[in-house]
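Listed below, chain by chain, are the residues.
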Amino acid sequence: MDSYRALVVQRNGSDGYVRKQVMTSAGGLDESHVIIETKYSALSYYDALVLSGRTDGIKYPLIPGIDVAGVVVDANVERFNYGDEVIVTGYGLGSRIAGGFGKYVSVPVDWVQPIPIGLTMWDAISFGTAGIVSGLVAMELLSAGIAPNKECKIAVTGASFDIGAMATAILNYIGYDITAYVTDANDTSDYVERLGVSKIESFSKLSESKESFLMPPVYDGVIDTMGGDILSSIIKYTNQNALVVSANYNEDMRVPLTLYPFLQRGINLSGIN
(Lines give C-alpha, C1' and ligand atoms only; values in the text may rest on other atoms or scores of the structure.)
Protein backbone atom coordinates (compact mmCIF):
# COMPACT_ATOMS: atom_id res chain seq x y z
CA MET A 1 0.00 0.00 0.00
CA ASP A 2 1.51 3.33 -1.07
CA SER A 3 -1.09 5.70 0.32
CA TYR A 4 -4.60 5.68 1.75
CA ARG A 5 -7.53 8.04 2.30
CA ALA A 6 -8.13 9.55 5.73
CA LEU A 7 -9.99 12.41 7.41
CA VAL A 8 -7.45 14.76 8.96
CA VAL A 9 -8.03 17.58 11.45
CA GLN A 10 -5.45 20.34 11.52
CA ARG A 11 -5.05 23.81 12.95
CA ASN A 12 -6.02 26.80 10.86
CA GLY A 13 -4.42 29.76 12.54
CA SER A 14 -4.16 30.24 16.29
CA ASP A 15 -7.54 28.82 17.34
CA GLY A 16 -9.29 27.54 14.22
CA TYR A 17 -9.46 23.98 12.93
CA VAL A 18 -10.20 22.52 9.52
CA ARG A 19 -11.21 18.99 8.56
CA LYS A 20 -10.53 17.50 5.16
CA GLN A 21 -10.07 14.20 3.37
CA VAL A 22 -6.51 13.62 2.23
CA MET A 23 -4.36 10.87 0.79
CA THR A 24 -1.75 10.06 3.41
CA SER A 25 1.43 8.04 3.09
CA ALA A 26 1.40 4.45 4.24
CA GLY A 27 5.01 4.94 5.26
CA GLY A 28 3.75 6.26 8.57
CA LEU A 29 2.35 2.85 9.54
CA ASP A 30 4.53 1.15 12.15
CA GLU A 31 5.31 -2.34 10.89
CA SER A 32 6.12 -3.50 14.43
CA HIS A 33 2.44 -2.97 15.21
CA VAL A 34 -0.65 -4.75 14.00
CA ILE A 35 -1.88 -3.07 10.83
CA ILE A 36 -5.65 -3.18 10.41
CA GLU A 37 -7.74 -2.30 7.38
CA THR A 38 -10.66 -0.25 8.69
CA LYS A 39 -14.12 -1.58 7.91
CA TYR A 40 -16.09 0.45 10.47
CA SER A 41 -15.50 3.29 12.91
CA ALA A 42 -17.98 5.28 14.99
CA LEU A 43 -18.47 8.95 15.80
CA SER A 44 -18.21 9.33 19.56
CA TYR A 45 -18.57 12.40 21.76
CA TYR A 46 -14.79 12.44 22.21
CA ASP A 47 -14.28 12.32 18.44
CA ALA A 48 -16.54 15.38 18.15
CA LEU A 49 -14.30 17.21 20.63
CA VAL A 50 -11.18 16.26 18.65
CA LEU A 51 -12.82 17.26 15.35
CA SER A 52 -13.69 20.69 16.74
CA GLY A 53 -10.41 21.27 18.60
CA ARG A 54 -12.19 21.39 21.96
CA THR A 55 -10.00 18.99 23.92
CA ASP A 56 -6.61 19.55 25.54
CA GLY A 57 -3.39 17.65 24.95
CA ILE A 58 -4.03 16.79 21.28
CA LYS A 59 -1.20 17.25 18.79
CA TYR A 60 -2.53 18.23 15.38
CA PRO A 61 -2.68 17.29 12.54
CA LEU A 62 -4.48 14.11 13.62
CA ILE A 63 -6.74 11.42 12.19
CA PRO A 64 -9.60 11.01 14.75
CA GLY A 65 -11.62 7.86 15.51
CA ILE A 66 -11.30 6.28 18.98
CA ASP A 67 -12.54 2.89 17.82
CA VAL A 68 -12.18 0.73 14.75
CA ALA A 69 -13.36 -2.67 13.59
CA GLY A 70 -11.53 -4.24 10.69
CA VAL A 71 -9.34 -7.01 9.38
CA VAL A 72 -5.65 -7.63 10.04
CA VAL A 73 -3.50 -7.05 6.96
CA ASP A 74 -0.09 -7.24 8.62
CA ALA A 75 0.97 -8.60 12.01
CA ASN A 76 4.44 -9.66 13.07
CA VAL A 77 3.04 -11.55 16.04
CA GLU A 78 1.74 -15.08 16.59
CA ARG A 79 -1.51 -13.90 18.13
CA PHE A 80 -3.07 -12.60 14.90
CA ASN A 81 -3.07 -13.69 11.28
CA TYR A 82 -3.91 -12.03 7.99
CA GLY A 83 -7.67 -11.65 7.64
CA ASP A 84 -8.53 -11.89 11.36
CA GLU A 85 -11.52 -9.72 12.30
CA VAL A 86 -10.59 -7.48 15.23
CA ILE A 87 -11.63 -4.40 17.18
CA VAL A 88 -9.66 -1.64 18.91
CA THR A 89 -11.19 0.99 21.18
CA GLY A 90 -9.65 3.57 23.50
CA TYR A 91 -6.01 3.50 24.66
CA GLY A 92 -5.16 6.68 22.68
CA LEU A 93 -6.47 5.68 19.27
CA GLY A 94 -7.63 8.86 17.56
CA SER A 95 -6.06 11.08 20.20
CA ARG A 96 -2.40 10.08 20.54
CA ILE A 97 -2.06 8.13 17.31
CA ALA A 98 -3.95 8.06 14.01
CA GLY A 99 -7.44 6.63 14.51
CA GLY A 100 -10.29 4.93 12.75
CA PHE A 101 -11.19 7.73 10.32
CA GLY A 102 -8.54 6.40 7.95
CA LYS A 103 -8.38 3.37 5.66
CA TYR A 104 -5.72 1.77 7.88
CA VAL A 105 -4.62 1.95 11.52
CA SER A 106 -1.38 0.75 13.05
CA VAL A 107 -1.58 -0.13 16.76
CA PRO A 108 0.32 -2.12 19.42
CA VAL A 109 -0.77 -5.74 19.65
CA ASP A 110 -1.97 -5.34 23.25
CA TRP A 111 -4.65 -2.92 22.05
CA VAL A 112 -6.21 -5.41 19.65
CA GLN A 113 -9.05 -7.79 20.52
CA PRO A 114 -10.70 -10.41 18.28
CA ILE A 115 -14.33 -9.78 17.41
CA PRO A 116 -16.32 -11.72 20.04
CA ILE A 117 -17.91 -14.96 18.89
CA GLY A 118 -21.47 -14.35 17.77
CA LEU A 119 -20.89 -10.72 16.79
CA THR A 120 -20.13 -9.19 13.41
CA MET A 121 -17.72 -6.28 12.99
CA TRP A 122 -20.79 -4.05 12.60
CA ASP A 123 -22.24 -5.37 15.89
CA ALA A 124 -18.99 -4.75 17.73
CA ILE A 125 -18.52 -1.20 16.49
CA SER A 126 -22.17 -0.44 17.24
CA PHE A 127 -21.53 -1.29 20.89
CA GLY A 128 -18.22 0.55 20.73
CA THR A 129 -16.59 2.25 23.70
CA ALA A 130 -19.94 3.07 25.32
CA GLY A 131 -20.98 -0.58 25.13
CA ILE A 132 -17.75 -1.82 26.69
CA VAL A 133 -18.02 0.68 29.55
CA SER A 134 -21.68 -0.22 30.08
CA GLY A 135 -20.84 -3.92 30.19
CA LEU A 136 -18.23 -3.22 32.85
CA VAL A 137 -20.82 -1.20 34.77
CA ALA A 138 -23.18 -4.19 34.82
CA MET A 139 -20.36 -6.49 35.94
CA GLU A 140 -19.50 -4.05 38.74
CA LEU A 141 -23.06 -4.17 40.11
CA LEU A 142 -23.25 -7.95 39.87
CA SER A 143 -19.84 -8.39 41.52
CA ALA A 144 -21.01 -6.23 44.41
CA GLY A 145 -23.92 -8.60 44.99
CA ILE A 146 -26.59 -6.16 43.82
CA ALA A 147 -28.96 -8.66 42.27
CA PRO A 148 -31.00 -7.71 39.20
CA ASN A 149 -34.68 -7.57 40.07
CA LYS A 150 -37.43 -4.97 39.94
CA GLU A 151 -37.14 -4.38 43.68
CA CYS A 152 -33.57 -3.19 43.17
CA LYS A 153 -33.58 0.55 42.40
CA ILE A 154 -30.79 1.90 40.19
CA ALA A 155 -30.28 5.54 39.16
CA VAL A 156 -28.46 6.42 35.93
CA THR A 157 -27.36 10.01 35.40
CA GLY A 158 -26.97 11.27 31.86
CA ALA A 159 -29.26 8.51 30.61
CA SER A 160 -29.82 10.24 27.27
CA PHE A 161 -26.08 10.35 26.48
CA ASP A 162 -24.03 7.54 24.93
CA ILE A 163 -22.69 5.63 27.96
CA GLY A 164 -25.72 6.47 30.09
CA ALA A 165 -28.15 5.32 27.41
CA MET A 166 -26.29 2.08 26.74
CA ALA A 167 -25.97 1.34 30.47
CA THR A 168 -29.69 2.02 30.95
CA ALA A 169 -30.64 -0.40 28.18
CA ILE A 170 -28.33 -3.15 29.41
CA LEU A 171 -29.32 -2.84 33.07
CA ASN A 172 -33.01 -2.84 32.20
CA TYR A 173 -32.50 -5.93 30.02
CA ILE A 174 -30.94 -7.91 32.85
CA GLY A 175 -33.68 -6.94 35.29
CA TYR A 176 -32.98 -3.76 37.28
CA ASP A 177 -35.53 -1.02 37.96
CA ILE A 178 -34.04 2.15 36.43
CA THR A 179 -34.63 5.82 37.23
CA ALA A 180 -33.11 7.99 34.50
CA TYR A 181 -31.76 11.45 35.24
CA VAL A 182 -31.54 13.70 32.19
CA THR A 183 -30.83 17.32 31.30
CA ASP A 184 -34.41 18.07 30.28
CA ALA A 185 -37.06 15.40 30.72
CA ASN A 186 -39.39 17.13 28.26
CA ASP A 187 -36.86 16.97 25.42
CA THR A 188 -35.62 13.42 25.92
CA SER A 189 -38.49 11.49 27.51
CA ASP A 190 -39.59 9.58 24.39
CA TYR A 191 -36.08 8.34 23.67
CA VAL A 192 -35.26 7.46 27.28
CA GLU A 193 -38.57 5.66 27.82
CA ARG A 194 -37.72 3.32 24.94
CA LEU A 195 -34.56 2.30 26.82
CA GLY A 196 -36.76 0.70 29.48
CA VAL A 197 -36.90 3.00 32.49
CA SER A 198 -39.55 3.14 35.18
CA LYS A 199 -39.08 6.84 35.93
CA ILE A 200 -37.48 9.91 34.37
CA GLU A 201 -36.23 12.84 36.45
CA SER A 202 -34.60 16.12 35.44
CA PHE A 203 -31.22 17.10 36.87
CA SER A 204 -32.94 20.11 38.39
CA LYS A 205 -34.62 17.82 40.94
CA LEU A 206 -31.21 17.03 42.42
CA SER A 207 -30.77 20.68 43.36
CA GLU A 208 -33.20 20.01 46.24
CA SER A 209 -30.33 18.28 48.05
CA LYS A 210 -27.89 21.16 47.72
CA GLU A 211 -28.05 22.29 51.35
CA SER A 212 -28.32 18.79 52.86
CA PHE A 213 -25.67 16.24 53.80
CA LEU A 214 -28.08 13.35 53.20
CA MET A 215 -31.47 12.81 51.57
CA PRO A 216 -34.07 10.05 52.09
CA PRO A 217 -32.51 6.80 50.78
CA VAL A 218 -33.86 5.51 47.46
CA TYR A 219 -31.23 3.78 45.34
CA ASP A 220 -29.30 0.53 45.80
CA GLY A 221 -26.95 1.53 43.03
CA VAL A 222 -26.04 4.63 41.05
CA ILE A 223 -24.40 4.79 37.61
CA ASP A 224 -23.01 8.28 37.16
CA THR A 225 -21.82 9.62 33.80
CA MET A 226 -21.81 13.31 34.74
CA GLY A 227 -19.43 13.96 37.62
CA GLY A 228 -19.37 17.33 39.36
CA ASP A 229 -22.37 18.53 41.36
CA ILE A 230 -24.65 15.87 39.88
CA LEU A 231 -22.55 13.03 41.27
CA SER A 232 -22.21 14.71 44.65
CA SER A 233 -26.01 15.19 44.78
CA ILE A 234 -27.15 11.74 43.65
CA ILE A 235 -24.86 10.09 46.23
CA LYS A 236 -27.06 11.60 48.97
CA TYR A 237 -30.03 9.46 47.83
CA THR A 238 -28.36 6.07 48.28
CA ASN A 239 -29.44 3.22 50.53
CA GLN A 240 -27.23 1.50 53.08
CA ASN A 241 -24.21 -0.21 51.46
CA ALA A 242 -25.13 1.08 48.01
CA LEU A 243 -22.63 1.05 45.13
CA VAL A 244 -21.98 4.25 43.18
CA VAL A 245 -20.18 3.67 39.87
CA SER A 246 -18.42 6.55 38.15
CA ALA A 247 -18.36 5.70 34.44
CA ASN A 248 -17.74 9.02 32.69
CA TYR A 249 -17.90 12.78 33.14
CA ASN A 250 -19.97 15.13 31.03
CA GLU A 251 -20.21 17.96 33.54
CA ASP A 252 -17.06 18.29 35.66
CA MET A 253 -14.15 16.09 36.73
CA ARG A 254 -14.10 17.77 40.13
CA VAL A 255 -16.61 16.44 42.66
CA PRO A 256 -17.53 18.40 45.82
CA LEU A 257 -18.20 15.62 48.33
CA THR A 258 -18.80 15.27 52.06
CA LEU A 259 -18.02 12.12 54.00
CA TYR A 260 -21.56 11.74 55.37
CA PRO A 261 -22.89 9.23 52.79
CA PHE A 262 -19.77 7.10 53.22
CA LEU A 263 -19.75 7.16 57.03
CA GLN A 264 -23.52 7.11 57.68
CA ARG A 265 -24.57 4.66 54.96
CA GLY A 266 -21.38 2.78 54.17
CA ILE A 267 -21.61 3.35 50.43
CA ASN A 268 -18.87 2.34 48.01
CA LEU A 269 -17.60 4.51 45.14
CA SER A 270 -16.13 2.59 42.20
CA GLY A 271 -14.59 3.81 38.97
CA ILE A 272 -14.63 2.29 35.47
CA ASN A 273 -11.42 2.44 33.46
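Provided above is the structure to which this section pertains.
What you see is a predicted model; the values in this text were computed from it and never measured. (Residues numbered from 1 in each chain as written. Predicted model: local features only at pLDDT ≥ 70, side-chain atom pairs only at ≥ 80, totals over all residues. Heavy atoms only, no water.)

Novice: Teacher, can you tell me more about the sheet that holds strand β11 (residues 219–224) here?
Specialist: What links the strands of a sheet is backbone hydrogen bonding, and the strands pair in either a parallel or an antiparallel sense. One open sheet holds the 6 strands; their spatial order is β10-β9-β8-β11-β12-β13, and the pairing between them is parallel. Both outer strands of the open sheet, β10 (199–202) and β13 (268–271), are each paired with one neighbouring strand and no more. When strand polarity is set aside, the average angle formed by the axes of neighbouring strands in this sheet is 20°. Bridge analysis of strand β8 (residues 153–157) against β11 gives 3 bridges, and the strand direction is parallel. Within β11, the position partnered with Ala 155 by the bridge is Val 222. The sheet strands contacting helix α2 (residues 121–143) are β8, β11, β12 (238–246) and β13, and the helix crosses β12 at an angle near 155°. Sheet strands touched by helix α3 (residues 162–174): β8, β9 (177–182) and β11. Its angle to β8, the strand with the most contacts, is close to 165°. (Pairing = 2+ DSSP bridges. Helix = DSSP H or I, 4+ residues; strand = E, 2+ residues; numbered from the N terminus. Axes fitted to C-alpha atoms, helices over the stretch in contact; angles between N-to-C directions. Contact = heavy atoms within 4.5 Å.)

Novice: Please explain the environment of Lys 236 as it appears in this structure.
Specialist: Looking at the element boundaries, Lys 236 is found in the loop between α5 (228–234) and β12. Owing to a relative accessible area of 11%, Lys 236 belongs among the buried residues under this scheme. If near-sequence neighbours (up to four positions away) are discounted, Lys 236 is found in contact with Ser 209, Lys 210, Ser 212, Phe 213, Leu 214, Met 215 and Arg 265. Here the side chain of Lys 236 touches Ser 212 through a polar contact of 2.8 Å, landing on its backbone oxygen. (Buried < 20%, exposed > 50% of the residue type's maximum accessible area, 1.4 Å probe, protein only. Polar contact = N/O pair within 3.5 Å; in protein donor to acceptor, adjacent residues only side chain to side chain.)

Novice: What exactly am I supposed to notice about the nonpolar core here?
Specialist: The nonpolar side chains of a soluble globular protein tend to be buried, and buried together. Counting 25 residues, the largest nonpolar core has Val 137, Leu 141, Ile 154, Leu 171, Tyr 176 and Ile 223 as its most contacted members. Only α2, β8, α3, β9 and β12 provide two or more residues apiece to this core. No other element matches α2, which puts 5 residues into this core. Once you skip the residues sitting within four places of it in the chain, Ile 223 turns out to touch Val 137, Leu 141, Ile 154, Ala 155, Val 156, Thr 157, Ala 167, Leu 171 and Val 245. (Core = buried A, V, L, I, M, F, W, Y, C linked by side-chain atoms within 4.5 Å.)

Novice: I keep staring at the pattern of salt bridges and nothing clicks. Help me out?
Specialist: For the structure on display, the rule yields 6 salt bridges. Among the salt bridges present, the one from Glu 37 reaches Lys 39, with a minimum N-O distance of 3.6 Å. You can call Glu 37 buried: its relative accessible area is 16%. A salt bridge links Asp 252 to Arg 254, with the shortest nitrogen-to-oxygen separation between them at 3.3 Å. For Asp 252, a relative accessible area of 25% corresponds to the partly exposed category. Taken together, the shared-partner salt bridges connect Glu 37, Lys 39 and Lys 103 into one network. (Salt bridge = Lys/Arg side-chain N within 4 Å of Asp/Glu carboxyl O.)

Novice: I keep staring at the packing of aromatic side chains and nothing clicks. Help me out?
Specialist: Aromatic ring pairs are defined here through the distance separating the ring centres and the angle between the ring planes. Across all of its chains, the model carries 6 aromatic pairs by this definition. Seen from their ring centres, Tyr 181 and Tyr 219 are 6.3 Å apart, and the 85° between their planes marks the pair as edge-to-face. Here Tyr 181 is found in strand β9, whereas its partner Tyr 219 is found in strand β11, with 38 residues between them in sequence. Judged by its relative accessible area of 2%, Tyr 181 is buried. (Phe/Tyr/Trp six-rings, centres within 6.5 Å; stacked < 30°, edge-to-face > 60°.)

Novice: Before we go on, may I ask you to explain helix α1 (residues 45–52) in this structure?
Specialist: Given 3.6 residues per turn, any residue in an α-helix points the same way as the ones three and four places further on. For α1, the full list of buried residues reads Asp 47, Leu 49, Val 50 and Leu 51. Buried residues along α1 sit against β1 (3–12) and β2 (16–25). At the N-terminal end of α1, a side-chain oxygen is found 3.1 Å from the backbone nitrogen of Asp 47, two or three residues along, and the residue is Ser 44. In the stretch just after α1, Gly 53 is the one whose phi turns positive, near 75°.

In short, the description is geometric, and any link to function would need to be established separately.
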